[in-house]
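What the coordinates show
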Amino acid sequence: MNQHGSSGVITIDGPGGAGKGTISLAVANRLGWDYLDSGALYRVLGLAAARKQIALDNELLLVEEAASLGVSFGTGRSGLGVEVLLDGEDVTSSIRTETAGDAASKVAALPAVRAALLQRQRDFEQPPGVVADGRDMGTTVFPGAALKIFLTASAEERAKRRYKQLIEKGDDANIRALKSEIEERDRRDSERSTSPLRPAEDAVMLDTTEMDIESVITAVMGLATERGLMVR
Ligand code: C5P
């Protein structure tokens, strides 16, 4: 419990590659809270659709798939964050490819799909609290969150970070192609009609272009302390 005696919610929204996953997981660990990687839900749905050969614009079938999606999060920590399981199979690395990210952003643009995944996300609000990472955590999923952060970084910096990650994994990567993919995904996420990527009115904006991970974590933990979210 936090000092208000209820479960706390911290939302961390922003464009892809701004560091939301790393920061959210670190903050959740330091607070002893749960972590919701909402993007993983859309990624798993994209993967399940591809396996069942459901077209990424077939809203009807995708909604059915979303409603019965056998997704769960493991407690073990892989190098990629929390383990993600689809019907018990570890899909943590298969959902992290650029293709899976692209599929996720296509299924995520469908309003009925978002609606079908809403309650599943809200169920993560359990004592002592949850750090929720996504695009619409502060605006739609947890509008009453105690602390809302909007993390940004320039598209160039985000492409550089992604490039580094891919090279470290031993994958091929092209920084210019990555930057244009990132910009395309930002555009699709910002222009969709339902829950577009935008900061909540009461979000704290944090531009991480010039910041290292540890200083971003320190900044978020400082805000959490200010709001009384540290006392358990
Ligand atoms: O955060 P991540 O890159 O894993 O998200 C993959 C895609 O899922 C995003 O590009 C976005 O289109 C979608 N998404 C979303 N709403 C969220 C989280 C992710 O629309 N809350």
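The shown structure was predicted, so the numbers you read here are calculated from the model rather than taken from an experiment.

Our focus in this paragraph is the overall build of the protein chain. Helices and strands together make up the secondary structure of the protein chain, namely nine helices and eight strands. Taken over the C-alpha trace, the protein chain has a radius of gyration of 17 Å; the compact-globule value for 232 residues is 17 Å, and the two agree within 12%. Across its three principal axes, the protein chain shows a C-alpha extent of roughly 50 × 35 × 35 Å. Residue burial in the protein chain is summarised as follows: out of 232 residues, 48% are buried. In the protein chain, once contacts between residues fewer than 6 apart in sequence are set aside, the share between residues at least 24 apart is 73%. Total accessible area on the protein chain is roughly 11,000 Å²; 50% of this is exposed by carbon and sulfur atoms. When the 28 positive and 35 negative side-chain charges of the protein chain are each reduced to one mean point, those points stand 1 Å apart.

Attention now moves to helix 1 (residues 20-31). With 12 residues, helix 1 should reach 16 Å at 1.5 Å per residue; the first-to-last C-alpha distance of 16 Å fits that figure. Within helix 1, burial applies to Lys-20, Ile-23, Ser-24, Leu-25, Ala-26, Val-27, Ala-28 and Leu-31.

Taken as a whole, this structure holds 18 salt bridges when the rule is applied. For the salt bridge of Asp-102 with Lys-106, the shortest nitrogen-to-oxygen distance reads 3.0 Å. On the criterion of helical spacing, the pair formed by Asp-102 and Lys-106 is a turn pair, its members being four residues apart in helix 4 (residues 98-107). The shortest N-O distance in the salt bridge between Lys-179 and Glu-183 comes to 3.5 Å.

Moving on, we get to the nonpolar core. Core analysis: the biggest nonpolar cluster contains 24 residues, and Ile-10, Ile-12, Ile-23, Val-27, Ile-149, Leu-151 and Val-220 have the highest contact counts within it. For this core, the secondary-structure elements that each account for two or more residues are strand 1 (8-13), helix 1, strand 7 (147-152) and helix 9 (213-226). Within the second largest apolar cluster, 23 residues are counted, among which are Tyr-42, Leu-45, Leu-110 and Val-113.

It is worth spelling out the site of the ligand at this point. In the neighbourhood of the ligand, 16 residues make up the surrounding shell, with Arg-43, Arg-114, Asp-136, Asp-189 and Arg-192 lying closest. Take Arg-114: an N or O atom from its side chain is 2.7 Å from an oxygen atom of the ligand. For the ligand, an oxygen atom lies 2.6 Å from a polar atom in the side chain of Asp-189. Burial of the ligand by the protein amounts to 96% of the accessible area it has alone, namely 450 Å². Residue assignment for the shell around the ligand shows that the elements contributing at least two residues are helix 2 (38-51), helix 4 and helix 8 (175-191). Per-element accounting of the shell around the ligand gives the leading share, four residues, to helix 2. Grouping the amino acids of the shell around the ligand by side-chain chemistry returns four nonpolar, four polar and eight charged.

Once that is clear, we can look at the packing of helix 1 against helix 9. Interaxial distance between helix 1 and helix 9 falls to 10 Å at its minimum, and their mutual angle equals 50°. With respect to helix 9, the axis of helix 1 lies oblique. When the axes of helix 1 and helix 9 are compared, the crossing they make is right-handed. Here helix 1 contributes Thr-22, Ile-23, Ala-26, Val-27, Arg-30 and Leu-31 to the contact with helix 9, which in turn contributes Ile-213, Glu-214, Val-216, Ile-217, Val-220 and Met-221. For the contact of helix 1 with helix 9, the class distribution of residues is nine nonpolar, one polar and two charged.

Its place among the elements puts Lys-148 in strand 7. One polar contact links the side chain of Lys-148 to the main-chain carbonyl oxygen of Pro-143, over a distance of 2.7 Å. Those residues within four positions of Lys-148 in sequence are excluded, and the remaining contacts are Thr-11, Gly-138, Phe-142, Pro-143, Ala-200, Asp-202, Ala-203 and Val-204.

Reading guide: rules and limits
- Residues numbered from 1 in each chain as written.
- Predicted model: local features only at pLDDT ≥ 70, side-chain atom pairs only at ≥ 80, totals over all residues.
- Heavy atoms only, no water.
- Helix = DSSP H or I, 4+ residues; strand = E, 2+ residues; numbered from the N terminus.
- Rg over C-alpha atoms; globule rule 2.2 N^0.38 Å.
- Buried < 20%, exposed > 50% of the residue type's maximum accessible area, 1.4 Å probe, protein only.
- Contact = heavy atoms within 4.5 Å.
- Areas by Shrake-Rupley, 256 points an atom, 1.4 Å probe, with all protein chains shown as cover.
- Lys, Arg positive; Asp, Glu negative; His and termini not counted.
- Charge placed at Lys NZ, Arg CZ, Asp CG, Glu CD.
- Expected span 1.5 Å × (residues − 1).
- Salt bridge = Lys/Arg side-chain N within 4 Å of Asp/Glu carboxyl O.
- Core = buried A, V, L, I, M, F, W, Y, C linked by side-chain atoms within 4.5 Å.
- Near = heavy atom within 4 Å.
- Polar contact = N/O pair within 3.5 Å; in protein donor to acceptor, adjacent residues only side chain to side chain.
- Nonpolar A, V, L, I, M, F, W, Y, C, P; charged D, E, K, R; others polar.
- Axes fitted to C-alpha atoms, helices over the stretch in contact; angles between N-to-C directions.
- Parallel < 35°, antiparallel > 145°, perpendicular 65-115°, else oblique.
- Left-handed = near helix turned anticlockwise from the far one by under 90°.

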